[in-house]
Amino acid sequence: MLLRSLSGVLYVVLLIFVLSLNTQHPLIILFFIFGIIALTEFKKLIQLKSNIPYIIFALLYFVFGYWQLMVNSKTGLNEATQILMVLTIFVELFLIKDLFSEKKIPLFGSKRFIITTFYLSGGFVFLVLIANFYTPYNAQVLLGSFILVWINDSFAYLVGKNFGKQKLFEKISPKKTVEGFLGGLFFSCVSSYFIAKYSTVLSFTNWLILAIIISVIGTLGDLIESKFKRQANVKDSGTIMPGHGGLLDRLDSIIFASPFIYLFLRILNYVS
């Protein structure tokens, strides 16, 4: 328990510290490292030995997560970013469909490069794009999104443990309950009010919508990663975080939700 607490606190403090800085360079470096670690863990899950996913991740990350931001070429890559967003969301929608309709995820076998490219690499690219969405640099939306994920996970666990009776997806994640999911959603919505009080970029209504997106889509992302682990017959994606498992286990929700968060920000920007 002590080791679990220390590794969890270190992870949270590191993220909050980097996201609180007034420069994007540490964030770009940190998430590149996180992406490589998560990709390594995911390759083991889907039994993919090729190193091509590392090359694809580095290219996508460099073009969209560095060059576009550092060279101020947002306009030139705007359409390409939208295409990447659509493809990433499209692949994730298929994963959601397979979560409900298939005993096994078909892409697990024959189309693993598609998953590593869009589900994982694309997810990390959009985390960086969310943090850099506003000019001048302001990572409040990404920091608030992480806080909403942590609150959702914490209260889903607490409510589910004490009041949970109806299983959410028993064959995939036996400990998750409908009551836990609703508890996480409720407290995420409540916490969005307090996040909005300290936010300078979004209103309470927008944070409330984000809380719903993150709770629902993030929970689906967690279930999908659980299904990958069940197909691979492992409990955790890795061992880098003692007591918590792998880094992918901690980031699965936010990675899966990131393109939807980015889409929401683009819609807000378009409407305004």
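Preceding this section is the structure that the text describes.
Source: prediction; values computed, not measured.

How each quantity is defined
- Residues numbered from 1 in each chain as written.
- Predicted model: local features only at pLDDT ≥ 70, side-chain atom pairs only at ≥ 80, totals over all residues.
- Heavy atoms only, no water.
- Helix = DSSP H or I, 4+ residues; strand = E, 2+ residues; numbered from the N terminus.
- Rg over C-alpha atoms; globule rule 2.2 N^0.38 Å.
- Buried < 20%, exposed > 50% of the residue type's maximum accessible area, 1.4 Å probe, protein only.
- Areas by Shrake-Rupley, 256 points an atom, 1.4 Å probe, with all protein chains shown as cover.
- Lys, Arg positive; Asp, Glu negative; His and termini not counted.
- Charge placed at Lys NZ, Arg CZ, Asp CG, Glu CD.
- Phe/Tyr/Trp six-rings, centres within 6.5 Å; stacked < 30°, edge-to-face > 60°.
- 1 Å grid on protein atoms, 1.4 Å probe; cavity = no way out; pocket = protein on both sides within 12 Å on 5 of 7 lines; lining within 4 Å.
- Points joined across faces, edges and corners; volume = space filled by probe spheres on them.
- Axes fitted to C-alpha atoms, helices over the stretch in contact; angles between N-to-C directions.
- Parallel < 35°, antiparallel > 145°, perpendicular 65-115°, else oblique.
- Contact = heavy atoms within 4.5 Å.
- Nonpolar A, V, L, I, M, F, W, Y, C, P; charged D, E, K, R; others polar.
- Left-handed = near helix turned anticlockwise from the far one by under 90°.

Broken down by element type, the protein chain carries nine helices and two strands. For 272 residues, the compact-globule formula gives about 19 Å, and the C-alpha radius of gyration of the protein chain, at 18 Å, lands near that figure. Projected onto its principal axes, the C-alpha coordinates of the protein chain cover approximately 50 × 45 × 35 Å. When burial is assessed residue by residue, the protein chain has 53% of its 272 residues classed as buried. When the accessible surface of the protein chain is totalled, it reaches about 13500 Å², and 67% of it is carbon and sulfur. Each charge class in the protein chain was averaged separately, 23 positive and 13 negative side chains, and the resulting centres sit 3 Å apart.

Attention now goes to the packing of aromatic side chains. Scanning the entire structure with this criterion turns up 23 aromatic pairs. For the ring pair Tyr193 and Phe204, a centre distance of 5.7 Å and an interplane angle of 80° mean the geometry is edge-to-face. In this pair, Tyr193 is assigned in helix H7 (residues 178-198) and Phe204 in helix H8 (residues 204-232), connecting sequence segments eleven residues apart. Using a relative accessible area of 36% as the deciding quantity, one classes Phe204 as partly exposed. Following the ring pairs from residue to residue traces out a cluster consisting of Tyr11, Phe31, Phe34, Phe146 and Trp150.

To continue, consider the layout of surface pockets. Its boundaries defined by the atoms lining it, the largest pocket holds a volume of some 1600 Å³. Residue assignment for the lining of the largest pocket shows that the elements contributing at least two residues are helix H1 (2-20), helix H6 (140-163), strand E2 (173-177), H7, H8 and helix H9 (247-271). At ten residues, H6 tops the list of elements feeding residues into the lining of the largest pocket.

What follows covers the packing of helix H2 (residues 25-45) against H9. Taken N-terminus to C-terminus, the directions of H2 and H9 make an angle of 105°; their axes are 9 Å apart at the nearest point. Compared by their axis directions, H2 and H9 come out roughly perpendicular. Along its contact with H2, which presents Phe34, Ile37, Ala38, Glu41, Phe42 and Leu45, the element H9 presents Leu247, Leu248 and Leu251. Across the contact of H2 with H9, the residue classes tally to eight nonpolar, no polar and one charged.

Here the focus is the packing of H7 against H8. Interhelical geometry of H7 versus H8 gives an angle of 150° and a closest axis separation of 8 Å. Judged on the interaxial angle alone, H8 and H7 are roughly antiparallel. As H7 packs across H8, the resulting crossing turns out to be right-handed. Only Phe204, Trp207, Leu208, Ala211, Ile212, Ser215, Val216 and Thr219 of H8 make contact with H7, whose side of the interface consists of Phe181, Gly184, Leu185, Ser188, Cys189, Ser192, Tyr193, Ile195 and Ala196. Class assignment of the residues belonging to the contact of H7 with H8 gives a composition of twelve nonpolar, five polar and no charged.

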